[in-house]
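Coordinate analysis (summary)
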Amino acid sequence: HMSTLGVNAVVITSNKVFLIKRIDFDIWALPGGGVEDGESLEATAIRETKEETNIDIKVERFVGVFSRPNWLYGGDHSIVFECSPITNNPYPDQTEVVDCQYFDLDKLPHDIWPPHLDVINFVVKNPESTTYINQDYRWKLGNDVGWNDAVKIFKSSRLSGIEFINNNLIEK
């Protein structure tokens, strides 16, 4: 396995941020996903947000690179863009995403994917800045346990998604 490169869209409007509820760990996260061959980073943000939530977005600015070198498969690196919605008819794709909605920036849900909460906090506190941040999150299950294996372990546990993640996946 090689390290992965992905893109996340921080869609903000009227002091609210748009989040998806992931089907795998039942937690809130930013829309986004892996860059496909021949695809620009901006195009990835637009495509992934559309696929997962049906909303069209406009990329407003490059926020930064959030790098997790100690993550699964030799690391995960995320390019982050702040975006605005063009259309506002969200519905989840039901394959990766079970819900999607806007949340007040001062009333975020408690069960957000921790690396994405860091991203949201950076964007809110630094509306003009760009950054490169090494996020020291570590995959606790070992490299022989992949993402899909972790999802199976979670589904058979009685923990909430955020409890499972904090207990088993993330070590800072």
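What you see is a predicted model, and the numbers here were worked out from it, not measured in a lab.

Further remarks concern the overall build of the protein. A count of helical and extended segments in the protein gives four helices and 10 strands. Element order for the protein, N to C, with α for helix and β for strand: β-β-β-β-α-β-β-β-α-β-β-α-α-β. Rg of the C-alpha trace for the protein: 15 Å, near the compact-globule value of 16 Å for 172 residues, within the 12% margin. With the C-alpha coordinates aligned to their principal axes, the bounding extent of the protein is approximately 40 × 30 × 30 Å. Relative to its 172 residues, the protein shows a buried fraction of 48%. Across the protein, every contact between residues at least 6 apart in sequence was considered, and the portion connecting residues at least 24 apart equals 70%. As displayed, the protein offers around 8,600 Å² of accessible surface, 49% of which is attributable to carbon and sulfur atoms. Positive and negative side-chain charges in the protein, numbering 16 and 26 respectively, have mean positions lying 5 Å apart.

Let's shift gears to the pairing of strand β2 (residues 16-22). With respect to burial, β2 is a largely interior element, five of its seven residues being buried. Sheet analysis places strand β1 (residues 4-13) next to β2, joined by two bridges and oriented antiparallel. Residue pairing in the sheet places Thr 13 in a bridge with Lys 16 of β2. Count of turn residues in the β1/β2 antiparallel hairpin: two residues, of which Ser 14 carries a positive phi of about 50°. As paired elements, β2 and strand β7 (residues 97-104) share seven bridges and run antiparallel to each other.

Let's shift gears to the pattern of salt bridges. Under the criterion given, the structure shown has 14 salt bridges. Residues Glu 48 and Arg 47 are paired through a salt bridge, measuring 3.1 Å at the closest nitrogen-oxygen approach. When its relative accessible area of 7% is taken as the criterion, Glu 48 is described as buried. The shortest N-O distance in the salt bridge between Asp 56 and Lys 50 comes to 3.4 Å. Residue classification places Asp 56 among the partly exposed residues on the basis of a relative accessible area of 26%. Residue Lys 50 is classed as partly exposed on the basis of its relative accessible area, which comes to 34%. What you see here is one network of salt bridges that share partners, running through Glu 36, Glu 39, Arg 47, Glu 48 and Glu 51.

In this section: helix α4 (residues 161-169). Given 3.6 residues per helical turn, the α-helix brings residues three or four places apart onto the same face. Listed as buried for α4 are Gly 161, Ile 162, Phe 164, Ile 165 and Leu 169. Buried residues of α4, seen end-on, are gathered within an arc of 160° and therefore sit on one face of the element. Next to the buried residues of α4 lie α2 (114-125), β9 (138-139), α3 (147-156) and β10 (170-171).

Across all of its chains, the model carries 12 aromatic pairs by this definition. Where Trp 71 meets Trp 139, the ring centres are 5.2 Å apart and the plane angle is 85°; that geometry is what we call edge-to-face. Here Trp 71 is found in the loop between β5 (57-68) and β6 (76-85), whereas its partner Trp 139 is found in strand β9, with 68 residues between them in sequence. Its relative accessible area of 7% is what places Trp 71 among the buried residues. Taking the centre distance of 5.5 Å and the plane angle of 50° together, the rings of Phe 154 and Phe 164 count as tilted. In this pair, Phe 154 sits in helix α3 while Phe 164 sits in helix α4, placing the two residues 10 residues apart along the sequence. Each residue in the set Phe 25, Trp 71, Trp 113, Trp 139, Trp 147, Phe 154 and Phe 164 is aromatic and connected to the rest through ring pairs, giving one cluster.

Criteria and cut-off values
Residues numbered from 1 in each chain as written. Predicted model: local features only at pLDDT ≥ 70, side-chain atom pairs only at ≥ 80, totals over all residues. Heavy atoms only, no water. Helix = DSSP H or I, 4+ residues; strand = E, 2+ residues; numbered from the N terminus. Rg over C-alpha atoms; globule rule 2.2 N^0.38 Å. Buried < 20%, exposed > 50% of the residue type's maximum accessible area, 1.4 Å probe, protein only. Contact = heavy atoms within 4.5 Å. Areas by Shrake-Rupley, 256 points an atom, 1.4 Å probe, with all protein chains shown as cover. Lys, Arg positive; Asp, Glu negative; His and termini not counted. Charge placed at Lys NZ, Arg CZ, Asp CG, Glu CD. Pairing = 2+ DSSP bridges. Salt bridge = Lys/Arg side-chain N within 4 Å of Asp/Glu carboxyl O. Arc of directions from axis to C-beta. Phe/Tyr/Trp six-rings, centres within 6.5 Å; stacked < 30°, edge-to-face > 60°.

Nothing here speaks to function; it is geometry throughout.
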